[in-house]
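# Tertiary structure, described
Here's the letter readout for the chains.
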There are 2 protein chains.
Amino acid sequence: MTRPDPTRADPALVVGDLSEEELLARIFPLLPAGSSTLVGPGDDAAVVQAPDGRVVISTDVLVEGRHFRRDWSSGADVGWRAAVQNLADVVAMGARPTAMVVALVAPPDLRVDWVTGLARGLAEACGRHDVGVVGGDLSGGDAVVVSVTVHGDLAGHAPVLRSGARPGDVVGHAGVCGWSAAGLALLAAGAGHVSPPLVAAYLRPDPPLGAGGAAVDAGATSMLDVSDGLLRDAGRLARASGVVLDLDRVPGAFGADLVALREAASATGITAEDWVLSGGEDHGLLATFPAGSGLPAPFRPVGRVLAAGADGPGVLVGGAAPTTASPGWDHFAR
Amino acid sequence: MTRPDPTRADPALVVGDLSEEELLARIFPLLPAGSSTLVGPGDDAAVVQAPDGRVVISTDVLVEGRHFRRDWSSGADVGWRAAVQNLADVVAMGARPTAMVVALVAPPDLRVDWVTGLARGLAEACGRHDVGVVGGDLSGGDAVVVSVTVHGDLAGHAPVLRSGARPGDVVGHAGVCGWSAAGLALLAAGAGHVSPPLVAAYLRPDPPLGAGGAAVDAGATSMLDVSDGLLRDAGRLARASGVVLDLDRVPGAFGADLVALREAASATGITAEDWVLSGGEDHGLLATFPAGSGLPAPFRPVGRVLAAGADGPGVLVGGAAPTTASPGWDHFAR
């Protein structure tokens, strides 16, 4: 067999046709530099500005067959999603994202244009926020794994933790709720045509990441991004803060989402309310604000913080224990 | 089937028996905090001190079946190795490592004590350097993947890049060379008993990471860690610097390594010289120093830097183009 010309742009070219350095040579030019980058890819490590004197760090891994399917998501979709869900973690700390590194495990039969698509998707999401992709690693393997670590700068502010909610605070949410899970359910049912916007929300979630800075400016007392479903993540915030989150405006506060989810609900037999309460991967922001301070756009009020009673910290929906079919995802549950 | 008690320390317990939060509850207490850690695991992101105002970042991924086999390496071995090879990247920039994050992909049938072993191995390697394991991510998957991102602080120094070598500089190396590759070859031949120290060097490489700081103090002009073999990594440094590295004391400067490798060479038919020139994953440091400055311990002189000639940048061994059976690893080469 003659060896393919590694400089050729051939849609049938696969990872195993190239050396690691040839593959990297195709990826590097696609990655955004970011204005915080001092030393980018190509040395033992990158060097990134951390003007605050602290650095915010979060990592997430996406696994083929668990977090995405290659017949549903393009490389660019996976790159976009990997970037956005990591950016959301940094934003949810009240920080400005600065840089990320990406490790890719790729089977030899993975198409090279899937990998360059991944780089383009990462670049597209990062470029909007002046975030550099400053380094990475490549390995062979049997399934695609994308592991992203993102960094951010606090610009002199205290980080906004999950543990800062206090009784009397107002609970706000920014972003859509349930869309990504509904889009995934439509794809699984072979019914993506029912609602392209929901499918797009699964393939390329687009949370309002600017809301993180607005929350900091408004004095948010706690914040997280909703990655595993509203109820489950609200429960995490409640337990970390030792309070009860009474989501007394749920699901009504998500009226626009309920409308958007209606046709998908009919098509799949899952209720729109369940998606709002339990759907993950929209990466909207859930935050608490001091009472009377007013919520900054695009946050809408969804509840209030109560002191924990005899039952301890937790979540109420309209004053009662929530009932939903699915409490949120668990990657290991059998 | 009754659900196992998740608090029980049962050697037969597997990842699929636990929820993600139950598994994390077993891992978190094992991880070192590190004195640079401001916010550790459990929030959306970690916060780590970056007193220099810059942060050094490197990432590496280890894949079961490519970088380790579970019948050869324990979880603790893999954790140790993942930590050390990442620490070496930060040290090779002339930085002090401060913190790492770890993403783990684990099959449901992976034993929980393998995962807690991994955490212990990470902790053992990080603890010696006051490096915190400050966050991570868990996912299911078909093969074990360990993705580590490590961070470091430059303490006011310029980073020591690959591109700074100048004609006239002395080339130094710190650490063993060829041991890890020989240990792996012994395991592959079912002959680990021939040299337990070489097998140990593969399972738990232990490069002299303190040499990085010594190199900075001695004015090193360039540096990298030898992860893919002396020749291949010397070639990278030479190309980045636009010079020729004449390794005119190789393999003689590695006389102690040649002795240590002798029995393994007899047992496998690979020459000790090939291991010294091409064996990867020892993670020793290769650096260049201004002529006449003297090399700091534990660096030994292995060559000198020449101006690139008509053939361009590259590596010579004793004034001639090197000859070796294997030019170094490529994870994608067929």
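This structure is a prediction, so every number in the text was calculated from the model and none was measured.

As a further point, take the relation of the copies chain A and chain B. Comparison of the two chain copies shows a relationship of rotation about an axis with a shift along it. For the pair chain A and chain B, the relating rotation is 180°, the translation along its axis is 0.0 Å, and the fit reaches an RMSD of 0.0 Å. Accordingly, the operation relating the two chain copies is best matched by a two-fold axis. Among all C-alpha atoms of chain A, that of Gly53(A) lies closest to the rotation axis, at 2.5 Å. When the interface residues of chain A are mapped onto chain B, 99% of them again lie at the interface, so the same face is used by both copies.

All names here are of chain B. Along the chain, aspartate 257 falls in helix H8 (residues 255-268). A polar contact of 3.3 Å, which involves the side chain of aspartate 257, links it to the backbone nitrogen of cysteine 177. The contact partners of aspartate 257, leaving out residues within four places of it in the chain, are Gly175, Val176, Cys177, Trp179, Val276 and Arg300.

The six strands lie next to each other as E1(A)-E2(A)-E3(B)-E6(B)-E4(B)-E5(B), forming an open sheet whose pairing is mixed. The outermost strands of the open sheet, each flanked by one partner alone, are strand E1 (37-39) of chain A together with strand E5 (132-140) of chain B. When the angles between neighbouring strand axes are averaged without regard to direction, this sheet yields 25°. As paired elements, strand E2 (residues 46-49) of chain A and strand E3 (residues 54-63) of chain B share four bridges and run antiparallel to each other. Each bridged residue has a counterpart across the sheet, and for Val47(A) the counterpart in E3(B) is Val56(B). Those strands touched by helix H2 (residues 75-91) of chain B are E3, strand E4 (96-106) and strand E6 (145-153) of chain B, and its axis lies near 145° from that of E3(B).

Residue and element names in this part refer to chain A. The strand order E8-E10-E7-E11-E9-E12 describes an open sheet built from six strands, whose pairing is mixed. In the strand order of this sheet, the two ends are held by strand E8 (222-225) and strand E12 (314-316), each with one partner. For this sheet, the mean angle separating the axes of adjacent strands, direction not counted, is 25°. Bridge analysis of strand E9 (residues 243-246) against E12 gives three bridges, and the strand direction is parallel. Bridge pairing in E12 places leucine 245 opposite valine 315.

As a further point, take the domain arrangement of chain A. Residue and element names in this part refer to chain A. Partitioning chain A into structural domains gives domain 1 (17-153) and domain 2 (162-316). Glutamate 124 is the partner of arginine 204 in a salt bridge, and the nearest nitrogen-oxygen pair spans 3.1 Å. Taken together, the links from domain 1 to domain 2 amount to seven residue pairs in polar contact (both at pLDDT 80 or more). When residues in the side of domain 1 that touches domain 2 are grouped by element, the largest group, 10 residues, is from helix H2 (residues 75-91). Looking at side-chain class alone, the side of domain 1 that touches domain 2 contains nine nonpolar, five polar and five charged residues.

A word on the packing of helix H1 (residues 20-27) of chain A against helix H3 (residues 112-127) of chain A. Residue and element names in this part refer to chain A. The geometry of H1 relative to H3 is characterised by a closest axis approach of 9 Å and an angle of 45° between their N-to-C directions. When the interaxial angle is binned, H1 and H3 end up oblique. Handedness of the crossing formed by H1 with H3: right-handed. Residues Leu23, Arg26 and Ile27 of H1 touch H3, and the partners they reach there are Val112, Val115, Thr116 and Ala119. Counted by class, the contact of H1 with H3 contains five nonpolar, one polar and one charged residues.

The next subject is the pairing of strand E5 (residues 132-140) of chain A. All names here are of chain A. The buried fraction of E5 amounts to eight of the nine residues, a majority that puts the element mostly inside the structure. Two strands pair when backbone bridges link them, and strand E4 (residues 96-106) and E5 are joined in this way by eight bridges, in the parallel orientation. Looking at E5, one finds that alanine 106 is bridged to glycine 140.

Residues and elements named next belong to chain A. With the rule as written, the count across this model stands at four aromatic pairs over all chains. Look at phenylalanine 289 and phenylalanine 299: their rings are 5.1 Å apart centre to centre, the planes differ by 70°, and that puts the pair in the edge-to-face class. In this pair, phenylalanine 289 is assigned in strand E10 (residues 285-289) and phenylalanine 299 in the loop between E10 and strand E11 (300-307), connecting sequence segments 10 residues apart. Both residues of the pair, phenylalanine 289 and phenylalanine 299, count as buried.

The rules behind the values
- Residues numbered from 1 in each chain as written.
- Chains lettered and ligands numbered in written order.
- Predicted model: local features only at pLDDT ≥ 70, side-chain atom pairs only at ≥ 80, totals over all residues.
- Heavy atoms only, no water.
- Least-squares fit on C-alpha atoms with pLDDT ≥ 70 in both.
- Contact = heavy atoms within 4.5 Å.
- Helix = DSSP H or I, 4+ residues; strand = E, 2+ residues; numbered from the N terminus.
- Polar contact = N/O pair within 3.5 Å; in protein donor to acceptor, adjacent residues only side chain to side chain.
- Pairing = 2+ DSSP bridges.
- Axes fitted to C-alpha atoms, helices over the stretch in contact; angles between N-to-C directions.
- Domains from an automatic or database assignment.
- Salt bridge = Lys/Arg side-chain N within 4 Å of Asp/Glu carboxyl O.
- Nonpolar A, V, L, I, M, F, W, Y, C, P; charged D, E, K, R; others polar.
- Parallel < 35°, antiparallel > 145°, perpendicular 65-115°, else oblique.
- Left-handed = near helix turned anticlockwise from the far one by under 90°.
- Buried < 20%, exposed > 50% of the residue type's maximum accessible area, 1.4 Å probe, protein only.
- Phe/Tyr/Trp six-rings, centres within 6.5 Å; stacked < 30°, edge-to-face > 60°.

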